[in-house]
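Topology and contacts: notes
Read off the chains here:
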Amino acid sequence: MQHITSKDNPNIKLYRKLASGKKHRRETGLFVLEGIRLISDAVKENAKLHSVFITESCLEKMQGEALDFQNTYIISEELAESMADTGSTQGVFAICEAHCKVPASDTIKSGGKYILLHSVQDPGNLGTIIRTADAVGVDGVFLAECCDLYNPKVIRSTMGSIFRLNVSEVRFDEVFPLFKERGVRTYAAVIDSDAVSLTDCDFSEGGAVLIGNEGNGLPRKVSDSCDVRLTIKMQGNVNSLNAAMAAGIIMWELEK
């Protein structure tokens, strides 16, 4: 394995560009991973790793577990600290090829259960929603005008679910005809006392629930185009939930 100690090494420069820039991720089709758990999950799900960077102490800790890749580099502890996006690094990083899951046209099936997110901008919220969707068994998550799916904070928040769940970036005009064609009812999650209570919705034949931006919710023209407008009826003085929490409650009901 080649040793790298300089921050000016081309491979390290590539890692930094991918970690900090959406534009570079889009242009190259690559994104970054950090940490033993996340990289191990990528390997288990047959993700294609472009290169791996690991410190000698981390290599010993993993006891030769994986990481026997063609492009594996030993890096210094100092370099690892400078590459870390977290408070304390585990000493292992990777560049990964953006994975291609099943396209929306093949994902949407009659009787399927889906979440469609519109303009969710917080990376932590997006990653948490993807992780929850994986946990409860949603058939797919679609993103319309959301923050970058391959933002390092999104990837970290998914805790490996990004490699197991069908997640697609789509346009409304692409998926709505598919939902209609395949008999999948659409539900707009809104804050409206006149909307149908989530607990009164019947998801036994599937459905696609739309969840909007953290601050503004769904655009009215989008919610009006759905078959049903639903809301989470809350008790006490609670009058709103953040996007990830609301999505978690909705997905639990969707999959009951």
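Everything numeric here is computed off the predicted structure, so don't read it as measured data. (Residues numbered from 1 in each chain as written. Predicted model: local features only at pLDDT ≥ 70, side-chain atom pairs only at ≥ 80, totals over all residues. Heavy atoms only, no water.)

For helix α7 (residues 123-136), spanning 14 residues, the distance from its first C-alpha to its last is 20 Å, which sits close to the expected 20 Å at 1.5 Å a residue. Burial in α7 covers these residues: P123, N125, L126, G127, I129, I130 and A133. Residues of α7 that are buried make contact with β6 (113-118), β7 (140-144), α8 (152-158), β8 (167-169) and α11 (243-255). Sitting at the amino-terminal end of α7 is D122, which places a side-chain oxygen 3.0 Å from the backbone nitrogen of G124. One or two positions beyond α7, positive phi appears at G137, with a value near 95°. (Helix = DSSP H or I, 4+ residues; strand = E, 2+ residues; numbered from the N terminus. Expected span 1.5 Å × (residues − 1). Buried < 20%, exposed > 50% of the residue type's maximum accessible area, 1.4 Å probe, protein only. Contact = heavy atoms within 4.5 Å. Polar contact = N/O pair within 3.5 Å; in protein donor to acceptor, adjacent residues only side chain to side chain.)

Let's shift gears to the sheet that holds strand β5 (residues 92-97). In a beta sheet, neighbouring strands are held together by backbone hydrogen bonds and run either parallel or antiparallel to one another. Taken in spatial order, the five strands of this open sheet run β1-β4-β3-β5-β2, and their pairing is mixed. Either end of the sheet is taken by a strand with one partner, and the two such strands are β1 (2-4) and β2 (30-34). Mean inter-strand twist for the sheet, computed between neighbouring axes without regard to direction, equals 25°. Inspection of the sheet shows β1 paired to strand β4 (residues 72-75) by three bridges, in the parallel sense. Across the sheet, I4 pairs through a bridge with I75, a residue of β4. Packed onto the sheet, helix α1 (residues 10-20) meets β1, β2, β3 (49-54), β4 and β5 and runs at close to 95° relative to β2. (Pairing = 2+ DSSP bridges. Axes fitted to C-alpha atoms, helices over the stretch in contact; angles between N-to-C directions.)

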